[in-house]
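Each chain, letter by letter, is given below.
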Amino acid sequence: MKYRTIFAVMLASLLLAGCHSAPKQEEKITLKDALKDKFLIGVAINTDQAAGRDTASVRVIVENFNAVVAENCMKSEVIHPEEDRYDFILADQFVDFGERNDMYITGHTLIWHSQLSPWFCVDEEGNNVSPEVLKERMQNHIHTIVGRYKGRIKGWDVMNEAIEDDGSYRQSKFYQILGEEYIPLAFQYAHEADPDAELYYNDYSMAHPEKREGVVRLVNQLKERGLRIDAVGIQGHLQKDFPTLEEFEKSMLAFAETGVKVMITELDMTALPSPFRNVGAEVSANFEYTQEIDPYPHGLPAEMDKAWNDRMNDFFKLFLKHADIITRVTVWGVADEDSWRNYWPVEGRTDYPLLFDRDHQPKPVVNMIIEEATK
Ligand code: XIL
């Protein structure tokens, strides 16, 4: 009897505690929930993630992000390896992933000098093709790819990295053959293939004043011709002490001033020393490995980690301050181990550039962003 009474009293108090005083566990606010009225929060994904093989990353992607872009599989060397052959296997997987998870899907990238299919601008002898042939190839490339994903891919990086840091046109093969005309042509072809898709110009080192001016000139020219351009993508491959927030902000405002929106499209921030201040994100830049420039192979020291989180937070504060002109912020990779910065511009370093660490855990900045966005 005695035991029965004790049991009954314990049960009653447990039930009461459950009904009244026990503090309910706080609902976890995720990054995408916190930012939902501000801008899209996106991530670049690789093929293991799109195919669902990297389950730890997939969990992070689905929980925290509402937009995706393909890190590599839509670049011309992958998707259009020979003039008469497209390979859509990986790109289809990527688009399926985005749709299954109800995400805003961006296509990256239609015309770019890098990771360019070797056949694209030359004939069988390796000589540049004529302007007419190149136009036809560009048209075919853009119409086929944009057409295939019409209505599913909502926005395209039509043109990637056409302007040099000094504001002049990059002397790419496209430029050598067609002059500056290849840029409006690309926008025209993309619009023909999917009139509802948003179209973007995307580039790095956008905080350089000369580059800023060059890109503003280009956007104005496109608009003067009546071509569709919805946003400028600022890649945002940051260094720990460069560029300044002030110069970055000036560029955001200068682009918005032309009447387009602004997106941060490839955000990451190296935690490593950069003896190469001005490479921006020039993919061809390559420096020899030395231990001196790979100082943290086993983890970031606490004060470095704090400085990294604070600076990343400062950038997000800037984005939130200008949420009216920013439509999307996309990070260039899920967790630190995925980042291209472990192999660029120096092969084989251990870097810490993303919002999630090697164990797929959020870094302190994630909560800082959530707090800032919801206060
Ligand atoms: C990078 C990828 O992350 C790497 O995996 C690849 O080896 C090289 O390209 N600017 C861009 C991106 O527009 O497409 C680049 O992505 C990084 C710089």
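As the structure is a prediction and not an experimental result, all values here were calculated from the model.

Engineer: Quick one: what's the story with the overall build of the protein chain, residue by residue and with numbers?
Structural biologist: From N to C terminus, the protein chain includes 13 helices and nine strands. For the protein chain, the spread of C-alpha atoms along the three principal axes comes to 100 × 45 × 40 Å. In the protein chain, buried positions account for 53% of the 375 residues. Restricting to contacts in the protein chain with at least 6 residues of sequence separation, those with at least 24 account for 79%.

Engineer: Kindly report on the environment of Glu 132, identifying the contributing residues and their values.
Structural biologist: You can see Glu 132 is positioned in helix H7 (residues 131–148). Taking the C-alpha atoms as reference, Glu 132 lies 19 Å from Ala 193; in sequence the two are 61 residues apart.

Engineer: Describe in detail empty space enclosed by the protein, supporting the description with residues and values.
Structural biologist: Considering all chains together, one arrives at three cavities of 30 Å³ or more under this definition. Considering only enclosed or pocket space, the largest cavity measures out at about 170 Å³ in volume. Forming the boundary of the largest cavity are 15 residues, of which Ser 205, Met 206, His 237, Pro 243 and Gly 280 lie nearest the centre. Among the residues forming the lining of the largest cavity, the class breakdown is eight nonpolar, six polar and one charged. When its volume is computed, the second largest cavity comes out at roughly 40 Å³. In terms of lining residues, the second largest cavity is bounded by Ile 111, Trp 112, His 113, Met 159, Asn 160, Glu 161, Ala 162, Arg 170, Ser 172, Phe 174 and Tyr 182. Across the lining of the second largest cavity, the residue classes break down as six nonpolar, three polar and two charged.

Engineer: How would you summarise the packing of helix H10 (residues 209–224) against helix H11 (residues 245–257) if you had to cite specific residues and measurements?
Structural biologist: Packing of H10 against H11 brings their axes to within 10 Å, and their N-to-C directions diverge by 10°. Taken together, H10 and H11 sit at an angle that is classed as roughly parallel. Residue-level inspection shows Pro 209, Arg 212, Val 215 and Val 216 of H10 in contact with H11, the latter providing Glu 247, Lys 250, Ser 251, Ala 254 and Phe 255. Of the residues contributing to the contact of H10 with H11, the split by class is five nonpolar, one polar and three charged.

Engineer: Could you give an account of helix H9 (residues 182–193), naming the residues involved and the relevant values?
Structural biologist: The terminal C-alpha atoms of H9, which comprises twelve residues, lie 17 Å apart, in line with the 16 Å expected from a rise of 1.5 Å per residue. What H9 keeps buried is the set Tyr 182, Ile 183, Pro 184, Leu 185, Ala 186, Phe 187, Tyr 189, Ala 190 and Ala 193. Along its buried surface, H9 packs onto strand S3 (104–111), H7, strand S4 (155–160), helix H8 (173–178), strand S5 (198–203) and H10.

Engineer: Break down the site of the ligand for me, with residues and values.
Structural biologist: Around the ligand there are 15 residues in total, and Glu 71, Lys 75, His 108, Glu 266 and Tyr 343 lie nearest to it. At 3.3 Å from a nitrogen atom of the ligand is found a side-chain nitrogen or oxygen belonging to Gln 235. Glu 266 is positioned with one of its side-chain polar atoms (N or O) 2.8 Å from an oxygen atom of the ligand. Surface burial for the ligand is 91%, taken as the share of its 420 Å² of free accessible area covered by protein chains.

Engineer: Pulling in residues and values, what's your account of the nonpolar core?
Structural biologist: Membership of the largest hydrophobic core comes to 104 residues, with the highest contact counts inside it found for Met 74, Phe 94, Met 138, Trp 156, Tyr 201, Phe 319 and Leu 355. Among all residues touching Phe 319, those that are not within four sequence positions of it are Phe 39, Phe 248, Met 252, Ile 264, Leu 267, Ile 326 and Val 329. Of all hydrophobic cores here, the second largest spans eight residues; its members include Ala 44, Tyr 204, Ala 281 and Trp 340.

Engineer: Would you mind going over unusual backbone geometry in detail, with residue names and values included?
Structural biologist: Glycine aside, the phi torsion of most residues is negative, and most peptide linkages are trans. Cis peptide bonds are those with omega within 30 degrees of zero, and the linkage from His 108 to Thr 109 qualifies with 0°. In this fold, Thr 109 is placed in strand S3. For the bond from Phe 242 to Pro 243, the omega torsion is 0°, close enough to zero to count as cis. With respect to the secondary-structure elements, Pro 243 resides in the loop between strand S7 (237–238) and H11. Even without glycine at this site, Asp 102 takes up a positive phi of about 60°.

Engineer: With reference to specific residues and values, describe the packing of helix H12 (residues 302–321) against helix H13 (residues 364–374).
Structural biologist: Relative to each other, H12 and H13 sit at 30°, their axes nearing to 9 Å. Between H12 and H13, the angle is such that the two are roughly parallel. Once H12 is placed against H13, the crossing between them reads as right-handed. Facing Trp 308, Asn 309, Asp 310, Met 312, Asn 313, Phe 316, Lys 317 and Leu 320 of H12, the residues of H13 in contact are Pro 364, Val 365, Met 368, Ile 369, Glu 372 and Ala 373. Partitioned by chemical class, the residues of the contact of H12 with H13 number nine nonpolar, two polar and three charged.

Cut-offs and rules
- Just so you know, the residues in each chain are numbered from 1, in the order the chain's sequence is written.
- Side-chain atom pairs in this predicted model are given and counted only at pLDDT of 80 or more, local residue features only at pLDDT of at least 70, and totals for whole chains, interfaces and linings cover all residues.
- The basis for every side-chain value is the complete set of non-hydrogen atoms in the structure, without hydrogens or water.
- Secondary structure elements follow DSSP: runs of H or I of four or more residues count as helices, runs of E of two or more count as strands, with numbering from the N terminus.
- Burial classes: relative accessible area under 20% of the type maximum marks a residue as buried, over 50% as exposed, and values in between as partly exposed (1.4 Å probe, protein chains only).
- Whether two residues are in contact is decided by their heavy atoms, any of which lying within 4.5 Å being enough.
- Throughout, the protein atoms alone are placed on a 1 Å grid, and a set of points is a cavity if a 1.4 Å probe fits but cannot get out or a pocket if it is open with protein on both sides within 12 Å along at least five of seven lines; lining residues have an atom within 4 Å of a point.
- Grid points are joined across faces, edges and corners, and a volume is the space filled by probe spheres set on the points.
- All residues other than Ala, Val, Leu, Ile, Met, Phe, Trp, Tyr, Cys, Pro, Asp, Glu, Lys and Arg, Gly among them, are scored as polar; the first ten of these are nonpolar and the last four charged.
- All axes here are fitted lines through C-alpha atoms, helices being fitted over the stretch that makes contact, and every angle between N-to-C directions spans 0 to 180 degrees.
- For classification, angles of less than 35 degrees are called roughly parallel, those exceeding 145 degrees roughly antiparallel, those between 65 and 115 degrees roughly perpendicular, and all remaining angles oblique.
- Here the expected length of a helix is defined as 1.5 Å per residue gap, with one fewer gap than residues.
- A molecule or strand has a residue near it when one of that residue's heavy atoms lies within 4 Å.
- Any pair of nitrogen or oxygen atoms within 3.5 Å is treated as a polar contact; in protein, a donor-acceptor pairing is required on top of that, and neighbouring residues in sequence qualify only through side-chain atoms on both sides.
- For the accessible areas, the method is Shrake-Rupley and the probe is 1.4 Å, while residue cover comes only from the protein chains on display.
- Side-chain atoms within 4.5 Å link the members of a nonpolar core, which is a set of buried Ala, Val, Leu, Ile, Met, Phe, Trp, Tyr and Cys residues.
- Handedness of each helix crossing follows the sense of rotation of the near helix against the far helix: counterclockwise by less than a right angle gives left-handed, clockwise gives right-handed.

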